[in-house]
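# Geometric and topological summary
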Amino acid sequence: MTDILQLLVYGLVLGSVLTMGAIGVSMIFGILRFAHFAHGDFMTLGAYLGLTFISAFGLSAWWALPAAMVGMAVVAVFIDQVLYRRIRRTQPVILLIASFGMALILRSLVQLIWGSDNQSYATGIQFPWRLDWLGGIRLKPDHLWIVLISLGLVMAVHLFLTRTRLGKAMRAMSDNMDLALVSGIPAERVIMVTWVIGGALAAAAGVFLGIDTRLHPVMGWSALLPVFAATILGGIGRPYGAIAGGMIIGVSMEMSTLIIPAAYKPAVAFAIMVGMLILRPQGIFKGTV
Amino acid sequence: MELTGIASYLVSFLTFAGVYAVLALGLNMQWGFTGQFNIGIAGFFAVGAYTSAILTTPGSPAYLGGFGLPFLVGLGGAVIASTIIGVIIGLITARLRTDYLAIASIGIAEMIRLFIKNEDWLSNGVRGIAGIPRPLQGTPLDTPLGYLLVVVVFVVGVYFLVERAYASPWGRVLRAIRENEPATAAAGKDIANFRLQAFVLGSAIMGLGGGLYAHFFGFLSPEAFRPLYGTFIVWVMLIAGGSGNNRGAILGAVVVWGIWSVTELFTDMLPAEHATQGAALRVLLIGVLLQVILVLRPQGLLPEKPPRLIARQRRSR
């Protein structure tokens, strides 16, 4: 029982990371109609930006988080303006290829700048709290913060999408592109905001992953498949679905270590995704097929 | 001495370019003809390579194998194995948007790599399989030039096959699906079925490419099937050469493999402590090359030229 509770905690932490990535993928798909394959490497770059802020200004990982998010939002908008915007007028699938190339460009840049060795934000071991009232499971303060901050960011995205004009415009574009455009929604502005949010949340996912484990140039690429699985599970183009998808995938991946070797964790995400594609490709929350 | 060195380098260069040309032709069937976005090439490549290696190696207690079957049987096994994987992926994704195929295919490629890496009994894990027999062993053609000849025969064979498919009514339906799916459906074509056929045929060709690779390289390890080497470079080849054009696919394979090899000559000159940086720089270069082509010349070096309609040719005579 304690084992299961403990894995549930790890699952919620992983789920928070995946949710941060999946919301971005889902929004980008809703607005721009393509699966953004560089999103995993956005996460990697965000994590390494955090590392730079930590070592350059002596910040703690938690203070480097907003800095990395701002930095990654700028990078995302820059990449969109320089590359994606130029090929947006062609078919969306060309954007898919371009984003796949961008993934490798970003990864090799990370390798060039920061090297390919494992790195971590802080040395030393953090002592977990022992929760006796919960069967003696161990909870690291870091893990608690990751889940709480994710929750806060999800709330912020929710408020943005429901309470602001731009957020409503974004939902309108995602629901019906043509209708939104003829009603005079500033498409370029909405697209830019999509990249700001997508990039910032990807950086958050990357920094969380860096705090939880360690930094490596392929850390984001390895997380990409579970992120996509979470996106499909929640329904592509549905940011709220991404939250449910992220949590389900994260918890299932951690729980699976009870029965199968840990090396096959990504396979669990993949199996859930394939099952979903067969049974209900539109996802739990009925996304765009 | 210098000259023979260059000649033997060229022979091995062309051999590998030929293997990649087979992969690019397989991708052209899926993406160039039908518009299916498969970025799991590395998976089909790996399945083909490992199947052929396991069927033909003399055997070792460390992993499955020891069948010692002939080269052509190994290649046949490679094609069958990748066909099976292709059918499974195709059945799942043929009805869906191509973005789903993209995600599912990269998933299956990663799963295959994970499986090969972790299941030592099958593939010897990260230690890899060595001593895969060369194709023409025991004949006077057991030389690098002989291998090149074998690869050229396969490239030419696959080329004629896909070129014939492209010009046939079947290929016309594939192009119609790519250009306008609703109109093709309205014309009464079973889109999911045609997609599945094209996808499986392309996957089978990729498996063949994998089998060829195993026999010419002689050693396999999971590292060779990372998305970069297996998948990305084949995409750059097809896009650079001209997707939809089979000659373009072959030209792209030679040109991009040429760029990739030349950059290797430069990074080899770097001191050893910068070796990983050099490798990253090469990937960066290929990635930027792809983006430049997409922005400036999306049709590639040899743009697609659809065959003229036969009826109109007759009338003009």
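These numbers come from a predicted model, not from an experiment.

## Overview of the overall build of chain B
Across its full length, chain B carries 13 helices and 0 strands. Walking chain B from its N terminus toward its C terminus, one meets helices and strands in the order α-α-α-α-α-α-α-α-α-α-α-α-α. Computed over its C-alpha atoms, the radius of gyration of chain B comes to 20 Å, within 12% of the 20 Å expected for a compact globule of 317 residues. Along the longest, intermediate and shortest principal axes, the C-alpha atoms of chain B span 60 × 40 × 40 Å. Split into buried and exposed, the 317 residues of chain B put 55% on the buried side. Considering only contacts within chain B whose residues lie at least 6 apart along the sequence, 78% involve residues at least 24 apart. Carbon and sulfur atoms form 68% of the exposed surface of chain B, whose accessible area is close to 13,800 Å². Taking the average place of the 22 positive charges on the side chains of chain B and the average place of its 15 negative ones, the gap between the two points comes to 16 Å.

## Considerations on the nonpolar core
Judged by nonpolar contacts, the single largest core of 196 residues is most densely connected at Phe37(A), Trp195(A) and Trp31(B). For Trp195(A), the residues in contact, after removing those within four places along its chain, are Ile28(A), Leu32(A), Phe34(A), His36(A), Phe42(A), Ala76(A), Val77(A), Asp80(A) and Tyr84(A).

## Topic: the UniProt feature "transmembrane region" (unreviewed entry) in chain A
Residues and elements named next belong to chain A. The sites that UniProt annotates as "transmembrane region" (unreviewed entry) are residues 7-35, 47-80, 92-114, 143-161, 190-211 and 258-279. Taken end to end, residues 47-80 is 91% helix and 0% strand, and its two terminal C-alpha atoms sit 20 Å from one another. Measuring from the first to the last C-alpha atom of residues 258-279 gives 26 Å, for a span that is 68% helix and 0% strand.

## Things to note about the pattern of salt bridges
A full pass over the atoms with the stated rule returns 8 salt bridges over all chains. Close ionic contact of Arg113(B) with Glu110(B) constitutes a salt bridge, the shortest N to O distance being 3.3 Å. Placement of both Arg113(B) and Glu110(B) in helix H4 (residues 98-118) is noted, with a separation of 3 residues, approximately one turn of the helix. A salt bridge links Glu179(B) to Arg178(B); its shortest N-O distance comes to 2.9 Å. Residue Glu179(B) is classed as exposed on the basis of its relative accessible area, which comes to 58%. What makes Arg178(B) partly exposed here is its relative accessible area of 26%. The structure contains a network of salt bridges with shared partners spanning Asp80(A), Arg88(A) and Glu188(A).

## Things to note about the packing of helix H1 (residues 2-32) of chain A against helix H10 (residues 239-255) of chain A
Residue and element names in this part refer to chain A. Their axes nearest at 6 Å, the elements H1 and H10 cross at an angle of 145°. For the element pair H1 and H10, the recorded crossing hand is right-handed. For the contact of H1 with H10, a count of residues per class yields 18 nonpolar, 7 polar and 1 charged.

## Focus on helix H5 (residues 141-163) of chain A
Compared with the 33 Å implied by 1.5 Å per residue over 23 residues, the 32 Å span of H5(A) between its first and last C-alpha is a close match. Every buried residue of H5(A) is listed here: Pro141(A), Asp142(A), His143(A), Ile146(A), Ser150(A), Leu153(A), Val154(A), Val157(A), Phe160(A) and Leu161(A).

So, how was this worked out
- Residues numbered from 1 in each chain as written.
- Chains lettered and ligands numbered in written order.
- Predicted model: local features only at pLDDT ≥ 70, side-chain atom pairs only at ≥ 80, totals over all residues.
- Heavy atoms only, no water.
- Helix = DSSP H or I, 4+ residues; strand = E, 2+ residues; numbered from the N terminus.
- Rg over C-alpha atoms; globule rule 2.2 N^0.38 Å.
- Buried < 20%, exposed > 50% of the residue type's maximum accessible area, 1.4 Å probe, protein only.
- Contact = heavy atoms within 4.5 Å.
- Areas by Shrake-Rupley, 256 points an atom, 1.4 Å probe, with all protein chains shown as cover.
- Lys, Arg positive; Asp, Glu negative; His and termini not counted.
- Charge placed at Lys NZ, Arg CZ, Asp CG, Glu CD.
- Core = buried A, V, L, I, M, F, W, Y, C linked by side-chain atoms within 4.5 Å.
- UniProt positions renumbered as here; feature names shortened; annotations may be inferred.
- Salt bridge = Lys/Arg side-chain N within 4 Å of Asp/Glu carboxyl O.
- Axes fitted to C-alpha atoms, helices over the stretch in contact; angles between N-to-C directions.
- Left-handed = near helix turned anticlockwise from the far one by under 90°.
- Nonpolar A, V, L, I, M, F, W, Y, C, P; charged D, E, K, R; others polar.
- Expected span 1.5 Å × (residues − 1).

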